[in-house]
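Survey of secondary and tertiary structure
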Amino acid sequence: MGIFSFFSKEYEEDEEELMQEAEAPARRTSVQPESAPSGELFQGMRIDVMTKDGEPLLSGRIVELGEDTLTLGRLPGELSFKTATLGTTVSLSGYDKKLIPICLSATVQESARTSFKLKNLKVESHAENRDTFRLPFAAPVSLYHKEDTHFKNPEECKLVNISTGGCCVQSEYIHMEDEVLRIRVKLEEYAPLNFLGQIVRCVEHAPGQFWYGILFAQLTEQEITALNKTLYNLQMGIKETRVRSEEDRW
């Protein structure tokens, strides 16, 4: 397949779909209600807000929670919020106290530099019931060819989001859909995580910059639990007390 056909209009789809393609079906059998889950959202919980196009908008913590509304305040150490147009529909994501991911849609009711109020909370439906949690997170990522088992020739790029099913990365390098790569992700003080993944969606995000939705090879239950805990700690600002060695396998 040539470069021109690779980046033809059939691949110029919504970036939100790209990010969803990097997810696998959730490994939970519980069914969430059609409105904001009672008993799962809680004051102090961190919530990440994205536009419907998948662009990170802001992150805050719940300071007020109503039956169908919530108000976010700033996280410790963070400066002002970005403001959003009233009436805009946004996506919300976070983890509850049981490490269960929550994905919601909501409407912007009030938007100020220090507070952000949302209404009309509803469980967000994903294509093919994909409801694993995506954590928007900027971090360094290195891509390697599948045969580079010793990680000698990295292609440096940037993480857009990550879940237990896969990730979305931004890169200046050109890759083809269905290509299998090795991925090394460095999440703050944690040792690098290594995954084998396949590119399932490609979008030219900006001139010379491409977003790749990467599906991880199937993880074990233990690996999923460990990665979920890592993502929860990152979202809640909890520092790891025992840094994993690079020899630990995921």
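The structure presented is a predicted model; accordingly, all values stated were derived computationally and were not measured. (Residues numbered from 1 in each chain as written. Predicted model: local features only at pLDDT ≥ 70, side-chain atom pairs only at ≥ 80, totals over all residues. Heavy atoms only, no water.)

Considerations on the overall build of the protein
Assigned secondary structure in the protein consists of 3 helices and 13 strands. Buried residues in the protein amount to 47% of all 250 residues. Once local pairs closer than 6 in sequence are excluded, the contacts in the protein between residues at least 24 apart make up 60%. Here the protein displays about 12800 Å² of accessible surface, and carbon together with sulfur accounts for 48% of that area. (Helix = DSSP H or I, 4+ residues; strand = E, 2+ residues; numbered from the N terminus. Buried < 20%, exposed > 50% of the residue type's maximum accessible area, 1.4 Å probe, protein only. Contact = heavy atoms within 4.5 Å. Areas by Shrake-Rupley, 256 points an atom, 1.4 Å probe, with all protein chains shown as cover.)

Observations concerning the environment of Gly-54
By the element assignment, Gly-54 lies in the loop between strand 1 (46-51) and strand 2 (56-65). Through-space distance from the C-alpha of Gly-54 to that of Val-160 is 9.6 Å; in sequence the pair is 106 residues apart.

Describing unusual backbone geometry
A positive phi angle is found at Asp-178, which is not glycine, with a value near 80°. By secondary structure assignment, the location of Asp-178 is in the loop between strand 10 (166-171) and strand 11 (180-185). A positive phi angle, near 50°, is found at Glu-188, a position not held by glycine. With respect to the secondary-structure elements, Glu-188 resides in the loop between strand 11 and strand 12 (193-206).

A short note on the pairing of strand 13 (residues 209-216)
Most of strand 13 is tucked away, with 6 of its 8 residues classed as buried. Bridge count for strand 12 against strand 13 is 8 bridges, and the pairing is antiparallel. Following the sheet pairing, Arg-201 is matched in strand 13 by Gly-213. If you look at the hairpin formed by strand 12 and strand 13, you'll find 2 residues sitting between the two strands, and Gly-208 has a positive phi there, around 80°. (Pairing = 2+ DSSP bridges.)

Quick look at the pairing of strand 5 (residues 101-111)
In terms of residue burial, strand 5 counts as a mostly covered element, since 8 of its 11 residues are buried. Note: strand 4 (residues 89-95) against strand 5, 7 bridges, orientation antiparallel. The partner of Ser-91 across the bridge, within strand 5, is Ser-105. Pairing geometry for strand 5 and strand 6 (residues 115-123), over 6 bridges, is antiparallel. Bridging across to strand 6, Leu-104 finds its partner in Val-123. Count of turn residues in the strand 5/strand 6 antiparallel hairpin: 3 residues.

What about the sheet that holds strand 6?
Pairing is antiparallel in the closed barrel, where 6 strands are placed in the order 1-2-3-6-5-4. Within the sheet, the average angular offset between the axes of one strand and its neighbour, ignoring direction, is 45°. Contacting strand 1 and strand 4, helix 3 (residues 221-236) crosses the sheet at an angle of about 115° to strand 4. (Axes fitted to C-alpha atoms, helices over the stretch in contact; angles between N-to-C directions.)

Observations concerning the pattern of salt bridges
One pass over the structure, following the stated rule, counts 1 salt bridge. In this structure, Arg-46 engages Asp-48 in a salt bridge whose closest nitrogen and oxygen atoms are separated by 3.1 Å. For Arg-46, a relative accessible area of 16% puts it in the buried group. Among the residues examined, Asp-48 registers a relative accessible area of 1% and is labelled buried. (Salt bridge = Lys/Arg side-chain N within 4 Å of Asp/Glu carboxyl O.)

Describing the environment of Tyr-144
Along the chain, Tyr-144 falls in strand 8 (residues 140-145). Using a relative accessible area of 5% as the deciding quantity, one classes Tyr-144 as buried. In this structure, the C-alpha to C-alpha distance between Tyr-144 and Glu-155, residues 11 residues apart in sequence, is 6.4 Å. Residues contacting Tyr-144, with those up to four places away along its chain left out, are Phe-151, Lys-152, Asn-153, Pro-154, Leu-181, Arg-182 and Arg-184.

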